[in-house]
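Topology and contacts: notes
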Amino acid sequence: MMGGSLWIFHGATEALFNGKSFIAVLPLALLLPTVRVSAQMMMIGGPLDCEETCVCASNIVSCSKKNLTYVPTPLPNYTAVLDLSFNSITRLRAEWTPHSLNRLHSLILSHNNLTFLSSEAFVSVTKLRYLDLSFNSLRQLDECIFEPLQHLEVLLLYSNCISQINRAAFSGLDNLQRLYLSQNKISRFPLELVKDRTRLQALRLLDVSSNKIKALPLSDLKALPAWIKNGLYFHNNPLPCTCDLHDLVAHWHLKALSSTMDFKDSHTCLLPGLQKEKMAILDLDKHYLNCSEVTVMDKSAYLEQRLVLDCDSRERDMMKNWVLPGNISLSPAMETRRDGSLLIGPLKAEDSGVYTCYATSDSFNETLYVTVTVFNSTKSGGLENLKTAYTTLIACLVSLVMVLIYLYLTPCRCACCPGQGLEKSDSFHSSTVSLSQAHEETGQERGEGRGFAYRHVAFMQPKDQLEQNGRLNPIEEDEECQGDRERRRSDAESVSSVCSDTPMVV
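Conventions adopted
Residues numbered from 1 in each chain as written. Predicted model: local features only at pLDDT ≥ 70, side-chain atom pairs only at ≥ 80, totals over all residues. Heavy atoms only, no water. Helix = DSSP H or I, 4+ residues; strand = E, 2+ residues; numbered from the N terminus. Buried < 20%, exposed > 50% of the residue type's maximum accessible area, 1.4 Å probe, protein only. Contact = heavy atoms within 4.5 Å. Areas by Shrake-Rupley, 256 points an atom, 1.4 Å probe, with all protein chains shown as cover. Core = buried A, V, L, I, M, F, W, Y, C linked by side-chain atoms within 4.5 Å. Pairing = 2+ DSSP bridges. Axes fitted to C-alpha atoms, helices over the stretch in contact; angles between N-to-C directions.

1. Things to note about the overall build of the protein
Check the secondary structure of the protein and you find eight helices and 26 strands. Classification of the 506 residues of the protein by burial places 34% in the buried group. Within the protein, residue pairs in contact and separated by at least 24 positions form 61% of the contacts whose partners lie at least 6 positions apart. Counting every atom, the protein has about 31,800 Å² of accessible surface; 52% of that belongs to carbon and sulfur.

2. Some thoughts on the nonpolar core
Counting residues in hydrophobic clusters, the biggest one holds 73 residues, and the most contacted among them are L131, F146, L155, L157, F170 and L179. For this core, the secondary-structure elements that each account for two or more residues are α3 (218-222), α4 (226-229) and α5 (243-254). If one sorts the elements of this core by residue count, α5 sits on top with five residues. Every residue in contact with L179, bar those within four places of it in the chain, is listed here: L155, L157, F170, L193, L203, L205, L206 and D207. The next biggest cluster of nonpolar side chains, apart from the first, holds 19 residues, and it includes M334, I344, C357 and V372.

3. Describing the pairing of strand β22 (residues 365-378)
Pairing geometry for strand β16 (residues 299-303) and β22, over five bridges, is parallel. Each residue of the ladder has a partner; that of K299, found in β22, is V372. Remark: four residues form the turn of the hairpin made by strand β21 (residues 353-360) and β22, two consecutive strands paired antiparallel.

4. A short note on the sheet that holds strand β18 (residues 319-323)
Spatially, the four strands line up as an open sheet ordered β16-β22-β21-β18, and their pairing is mixed. Every interior strand has two partners, whereas the edge strands, β16 and β18, have only one. Between one strand axis and the next, the sheet turns by 25° as a mean value, whatever way the strands run.

5. Notes on unusual backbone geometry
Residues apart from glycine generally show negative phi values, whereas peptide bonds are mostly found in trans. The step from T73 to P74 runs through a cis peptide bond, and the omega angle for that step is -10°. Going from G345 to P346, the amide bond is cis rather than trans, its omega being 0°. Among the structural elements, P346 can be located in the loop between β20 (342-344) and β21. Despite not being glycine, N67 shows a phi value in the positive range, around 55°. Considering the arrangement of structural elements, one finds N67 in the loop between β2 (60-62) and β3 (81-83).

Geometric descriptors of this kind do not, in isolation, establish any biological role.
Below you can see the structure in the form of structure tokens.
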């Protein structure tokens, strides 16, 4: 348009210098200011009409359902609420308002056909606390697009076509409490918004339901505090059915978190197969996967250990007070941490029982119970006992094996053993000799023609050896062991000995 106006001005000047009639170009010159105003109106917007187009009530300006393709200007400086819903505005440029609106706290642009947001679209409305961009045609959220809105508390982006979200799209929103992203085409769960230092510190509600998310970071979600999980909505996504997913949803349901209690029937998953049949996640333990039933988890520990009990309430910044089993107040030895958790220990057997946490605030009260079981042994002691039992068992088995080897596999080294030759060995193998108490001789046997008493010599003869009542019977001397000596039988009171290659003289 500016180029067109310059062309008109140039044509009029050329006609004047060429001697043409000035009257012929005068109407064009008169139209020039109108063209300039129209161009400005198309770029910024038409004039605000509080009688026909909009309703101006005190500090509220409502221009809803007027089929507007632009934002009317100029808006009053005192405007606090601006409603532009149900119109045909397609682009929100940086110059949609020529001056800053420092009192504007609510901007409603829902049910338009917005496809573009300028990176500087909100630099003139930095005091916004409520921004509604729902039911539009936005496809992506660029980096730092909402950064000027440091006071924003509620951001509605549901029912768009958003499929791409820059990781820094919500940076700068230090006071954002509620973020609605449902009914879009998001395929990745935005974990950075709720985890650790990268998350929005004040965020207590994140709705990503009814999107295209096919996987959840289950372990990270389990580790979140209850006040975040209470406002985390992810139902109606094409999640595959797994027992881990069932475990997550069942635990949240047991804790009565709003995200699962309010949409219990909408928490579904897809069964494997071509049909992609939907099934309620909470029913996976009863039908398809036979997942384990989830119960309330209690705390257990050993003697002398320390234990941390969490008062994991569903609201943030609540006053928390603990009561010990038996309705006893806290002892000086127990410590309450900043986050409201209770540190107990070193544990004793009498520390077992139900601990109660009372979480209170101006608008909400909650009572939490934690059952603690203290095992009547130390953890290290239990391990030592196990090691001792294991060592004893091994020792018994080794002893048994050695006995069996001794009984059945030890070779016989006596010359008198059956099948053994009479060769003399260079080394003599002695064995244990059992001596009975000495008895006085009641009679003396003398050999014929000799004047000294005969001394008994005993040898072990494995053959024909008998065991009676744990004692060995007296055995006879073997002629092969004695050479040409005359065999004699010892009396019943003679000693019993074990055979060796060398006679043992008694």
